[in-house]
Structures are given as structure tokens and as C-alpha cells.
Amino acid sequence: MTDTNNANETNSPIPQPPLPEPIISQKKGISPIWLLPFIALLIGGWIIYKGIRDAGVDIVIRFESGSGIVAGKTEVLFRGLRAGVVKKVVITDDLTAVDAVIEMDAKTESLLRENTQFWLVKPRISVAEVSGLETLVSGNYIAIKPGEGVTRRRFTAQTEPPPVEDETGLHIRLQAKELGSLDRDSPVFYKKLIVGKVVDYNLADDLKNVNIEVLIDEKYRHLVKKNSRFWNASGISFKGDLSGFKFRTESLASLIAGGIAFYTPDTEPQHSPVNSLDEFVLYDDFEAAEAGILARIRFKTGRDLIIGKTKVIFEGLTAGVVKDVSIMPDLQGVYADILFDPRAEPALNESTQFWLVKPKIGIAGITGLDALIKGNYIAMRIGDPNANEPKREFTALNARPPLPLDTPGLHLTLLSDELDSIDIGSTIYYKKIPVGTVKSYQLAKEKQQVKIDIHIKPEYQHLVQSHSRFWHSSGIEISGGLSGLKVRTESMTAIFAGGISFYTPPVRRPKAVKNGASFKIYENYDSAHQVGYPITITFKHGDGLSEGTAIKYQGIQVGKVTKVKLIDQLSRVQVKVMLNPEAERLARKGTKFWVVKPELGLAKTAHLDTLVTGKYIEAAPAKGNPSRATAFNGLDEAPKQTTKPLAGFKIMLAAKRLGAVQIGNPVFYRDVQVGEVTGYQLSPKANEVYIALTIKYNYAPLIRTNSKFWNVSGIGVDFSLFGGAKIKTGTLESILAGGIAFATPNNNEMGKLASPKQYFTLHDEADPKWLDWRPEIEIK
């Protein structure tokens, strides 16, 4: 019942209130929408006004060619800012040029005058010129130089940039033989800083030179003096010789675009500043621009003089350079024109000496080694800078002159048997440090020695004392023997160029030397350092003798040979010997010297040790107390030893021939020496040889009437086809020195005791059965 009532309530209509009536009113005045056309009108008018106001000025510039000019792109620049742009390019009616129609900025209208100049700037790269490089990036442009006169709209372009005339600064003129790679705007450098530029150039009135107008910036004008020197700094200067290579350039800009550099010598008196339009010479390069003093030196030949390269050297420093070489009018030599450093002016007087230094290689040695490396040069020795008149013409010496005696330092004289590789200028060394030089050399008065004058520098003169020892230090010294080799060298310079060394052994009371003192030069380091007693021994021949051969006495070495040389027209040999201090007793008259060498033969074998140790000189001192002596005559062989005759039982042997038997050969019994050969002689009928034997008394009972003797010298070899070879030998001593052996039969066959001087037969060999005999004989 409830649900039916709710449905009836929902379906009944709801009454709505009535809508209000609209009110229509009329608005008075102009609508704001009409402001928009007005504003648009104002803007349009402003644009028209601005366009009229900013409209450019059209001008026409005539160029010889339109190359590099592009309509709409090529601009006109004034002081680096855009002043216009090319609108179009057209060919003239006569086809000889092109007209570029250019719209110039209205602000530049005042520049468009009768004398205004235009020119096209574009990159130009050639052997002679590099310019406009900036246009490689920015593109070609037309430059403008304002001029004066009436207003104008048509112009003719310049083919080259006009010279700068209105810039402030120092205007000078350089005169050169040729323009080279210089061009307008080429930079001018001072210490590689750009201080100016080339503004113009033209041919000189003489038509032989080129006038180059240069503008130096105002702030740098004080750098240019009357004595300033200008040179063409374009490109790279390259020089090379044995001493190395040298490049010289200015800035990179000058390398590419050319340029000029200048400097003012600070060694010359200060000059006043220059004025505008003063003229200077433009030298080809830096070397040519160098300031200096011109002098002349006469040489016999100009073969080793090179213009621009051969220098004058003083104490390792360059004092000048050869600028020209010309033949003398009398054809007797050449003139070398030298440009000296101004600082050398006080030294250019008549006391100054010059000579050419060049490498000299010969058997005698190498000199001028430094010139081999840095090239020939002219050496200079200054005399007295405070005296004499200035001189500008000299005559070169043939060689290095000796130092004057008044030169500070120590002046000494050395005496040598030979000059060896010493030359003037060779170095004097002390502990391989250069301390002096050889001044000169000449033969001594007696013509047997060489007199060498040397100079020791003042700071080293205290190293030389009265007992100092000098020696030749040139080359490489090699000495050796069976004990090994020893190599000794001095400095590399001494090896090639020769030299003299010295040392001063310590002594208790050293004594200084004065100028003019004389010293002996030893042949080498070893001889200079040896102490003892030098002697000379003369032999008929020098077989087995050499430097280092020992001198012995009683088996002890007492000295050694220091030098071996031939004398008396090669007929004899002289050896120089240094005896040890303890062997002073041998340096006396009467001492005998002889060469000990191995003796190997059938007759005698001795001194076999010398086969290993080498030959040596044996000494036998004189008896008594003889006086000192330094020269001796060597013996051919050892002096004979006076020996007492061997006492014993004497018998005689008869042999078909003497063979190898000699006096002194041993006599063996069962290989035991019992006697010796004491003599031999032919038999009265000369059909045999009688050999005298002396048997020691205690062995005399071994000699019986039936004893058999045979020769045991050497080695016997029997050979038969069926029996083969059979070698028979005695003792080693008998093989080497020879000998005789004997045997006695057994007791029942030995016979009676032999009589004194009884004769026996000497058989060539032993019967084998003799060797089996074993008699029993009592000896004393």
C-alpha cells in the first residue's frame, strides 16, 4: 500500500516561476577596435621613413677584372667594418673592364669624394709575394681610402693598395739592390717585434736600386739611430759546415710574407735619432748587415779561405770573418778582406799576428785537429793593445809563431832525440790536463838533438820543478811480453795531435825552476817514471833483445832494456838499459854483459828455461872498486869459466871418428856418470881418433882390461823390412849432450885392472850381452 502512494506522488507536474524580460540599451562613442588600423598605419609610415632614411648610396667602381667579386657577397670594408656590398657586376660596353654596382651605407656618403680610392683585397701567393691571407677566411673585399674633393659616384679601382701617408710615425727610406719578396705592408721587426711596415716602393733614379719607403710606428721611432742597420728578414737563412748547421729566421710572418729587420750596434758610440726621410741601406741578410772594422790580411794563397765562412778566432771567440778574397796586383798572393768585430779594434795594430790554421795529417802526426771539426780559421795573437799605431793591413804568417818571452808563464826548453809527432801548438799535459803548449822547435847546436821550446800557463807553472820529468805522450804505447800486453794512452787529443806530458815526483826539498831551464824528454811514460842508473850496451847483433828484456845477476832481475836501436850504419845494436837502484855496482867499468839464450844440441844443452821466459842479459860485475861507467860492449857469449882439470884415472879410447863426442861429455857406467871426456886428438897416422877420458879415482876399479866402451850420443834407429824398427837411446842427458858408456864383464872374464892411459876401442853401439854383465867390483 505504501509503494502505490509514492508512485502517484512522483508522476504529478511541478509549477515553474516566469522568466525576466531582456533590457536593450544603445552605447555611445567609437569602438576601440578601430585603433588597430591606426597603429598599423603608424608602423608602416615609420618603416617607410626609416627605409628612406637608411637607404644606401649606389656607386659604380670600375675594375680591370671581375675575378673575386661576387654580387651580394663581396663587401666594402672601411677600417674593418662593413661600408657597403656589391649589388651586381656588369661588363662595360667596350668589354675592357667590369663595373661593380655597390650599395654604400648612407653613413659613408661623406667618404665618396673625388679622390677616394678603392682596391680589391684578395690573397696573393707567389714566390715573390704573400699577402691578403686573411681573405682566405673572410673572402675578398674592397678596401676604401677616403679622399677629398667634390661628391662623386663613379670610381676606378686601384690595382695596388695606395701608400700610407697620413699615419704618424717615422718615415725613412731604405735602398736595396732588389725588392725581393717585400711588398706594401710587409712588417718591420726590431728584436722580432713588429715596429713598422713597408708603405711603398719604387725604382730609384739611377734605375739600379729600389727605394723602399718604411713607416716606423711613432712609439718606436726612438729605436732607429743613424748607425742602425737594416736587412731583409724574409725567408730562412741556412748555413752549414763541418761544425754544424745554422738556421736563422725572423717571425713566422716574415717567413711567409717577407719583412725587414734592423738593429743598432751597442758597441758603437751612440748616434742621434734619425729624421723623417733619412736614407739607409737595406742589406741582403743579417751577416751582411753586421757592423765592424774592415781590415786586410795578405796570404800566399787563398785556397783555404772561404768568403763568409772562414773566421778569425781569438782564444776560441770569433773576432771577424772573411768578407772577400782578391788576387794581389803583383799576383804574389791574395788579399783577404776581414770584417772585424768592433771590440777587436784596440788589437788591430802592428804587433798583432795572424796565421791560417787548417788540419794537417801526415806521418809525423795530426795538427790543427780543431780545424778538422770546425773548418779552417785564421788564428789571431794580440801583441800590445796599448802601444803602436792602429793598422788595417797585415801579412799572415806561414805557421803559428812562438810565444814572446815576456808572455806570462813559464818558458822552458826540452831536449829530445827525436821530434816524433810534436808540432808547434802541441799541448803540454799534467795529469792529462792541458797546461801549456809547444812554442817552437829546432835542432840543437850539436845537431844531435831537437830543442823544443814550451810555455806553461801562469796558473800551472808551479807544477814544474827542477826534478820534473817530461815524456812524449803522443799516440798509443803498447808494451808486453810473455807475461801479457800493456796498453797506455794519453788523451784523445794527444793521440791524434801529439803532445808532451810531465810529472813531478815528490821530494823532500823541491826546487822551483826559472824561465829558460832545460829538461830532457823521455821516450815514453815508463822511461820517465823509472828510477835507477841508465847505461848502454852495444852488441854485434840484437837477436832476442827487445824493449823489456831483463838484466839479471845471479838469477835476480836487476834492470831491463828500455830501447833497442841499430847504430854504426846498421852494423851493431845498442840497447839502453835502466839498472835498478840496488844494481848500481853493475854500472862500473869492467862489468861484463852477455845475452843468455837456450843452448840445445848434441854437444851441450843449457838455459832451456829461456825457451819459456825469453832471453835475458846476464851481468858479471868487475872485481875491485872501478869507476862509474855508462857505456859497455856486450860479449858474444858467456865468459869462459876457469875450472880445475878433473883429477882421476886416465885412459884413452880409439874411435873411427869423433862423432858427437865433445870435451866435457860425461862417461857413464850403468847410467851413472863416473868421469868425462877431457880431450881428443887424431892418431899419429890419422886413421883413428884418440879420445881422452878421466875417470874419478873412486870409480877407477871399474875399468878393466876387458871393459867395453861405446858411444851413447843421440838416438839410434835400426830398421829392417822383416825386423821392423828398433830405437836405441841412452839417458836424456846423453841424448841431448852426448856421452860415452862402458861395461865390464863378469868377474871371471873382466881381466886385470886397466893401466893408466891404456887404450880401448870405442864402439859405435853396445853389444846387447854387455848390458847383461853384472860384475861385482868394490869401489872406494
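Quick notes on the rules
Residues numbered from 1 in each chain as written. Predicted model: local features only at pLDDT ≥ 70, side-chain atom pairs only at ≥ 80, totals over all residues. Heavy atoms only, no water. UniProt positions renumbered as here; feature names shortened; annotations may be inferred. Phe/Tyr/Trp six-rings, centres within 6.5 Å; stacked < 30°, edge-to-face > 60°. Helix = DSSP H or I, 4+ residues; strand = E, 2+ residues; numbered from the N terminus. Buried < 20%, exposed > 50% of the residue type's maximum accessible area, 1.4 Å probe, protein only. Pairing = 2+ DSSP bridges. Axes fitted to C-alpha atoms, helices over the stretch in contact; angles between N-to-C directions. pLDDT = per-residue confidence, 0-100. Contact = heavy atoms within 4.5 Å.

The name an unreviewed UniProt entry gives the protein chain is MlaD family protein, with Spartinivicinus poritis as the organism. Comment text from UniProt for the protein chain, heading Subcellular location (unreviewed entry), reads "Cell inner membrane".

*Asks:* An account of the packing of aromatic side chains is requested, with residue identities and associated values reported.
*Replies:* Aromatic rings considered in pairs are described by the distance between their centres and by the relative angle of their planes. By the definition in use, this model includes 19 aromatic pairs. Consider the rings of Phe 354 and Phe 394, whose centres lie 5.0 Å apart with planes at 65°: the pair is edge-to-face. Highlighted residues: Phe 354 in strand 23 (residues 353-357) and Phe 394 in strand 27 (residues 393-395), separated in sequence by 40 residues. Phe 394 gets classed as buried once you look at its relative accessible area, which sits at 2%. Aromatic pair Trp 471 and Tyr 525: ring centres 5.4 Å apart, planes at 85°, arrangement edge-to-face. Highlighted residues: Trp 471 in strand 32 (residues 469-472) and Tyr 525 in helix 8 (residues 525-529), separated in sequence by 54 residues. We classify Trp 471 as buried; its relative accessible area is 5%. Taken together, Tyr 190, Phe 230, Phe 262 and Phe 280 form an aromatic cluster joined through their ring pairs.

*Asks:* Tell me about the sheet that holds strand 1 (residues 57-63), residues and numbers included.
*Replies:* One open sheet accounts for seven strands, arranged 5-8-2-3-4-1-9; its pairing is mixed. Looking at strand neighbours, the two that pair on one side only are strand 5 (117-121) and strand 9 (154-156), the edges of this open sheet. In this sheet, neighbouring strand axes are inclined to one another by 30° on average, regardless of whether the strands run parallel or antiparallel. By the bridge criterion, three bridges tie strand 2 (residues 75-78) to strand 8 (residues 141-145) in an arrangement that is parallel. Residue Glu 75 lies in a different strand from strand 8, and its bridge partner there is Tyr 141.

*Asks:* Could you give me a rundown of the confidence of the model for the protein chain, with the residues and numbers involved?
*Replies:* Residues at a pLDDT of 70 or more form 78% of the protein chain, whose mean pLDDT is 79. The element-level mean pLDDT for the protein chain is lowest in helix 1 (residues 2-10), coming to 46, with strand 54 (residues 759-763) highest at 93. Contacts for the low-pLDDT stretch residues 240-247, under 50 throughout, to residues beyond four places or in other chains number 16 contacts. The model gives residues 719-723 a pLDDT under 50, and that stretch makes two contacts with residues more than four places away or in other chains.

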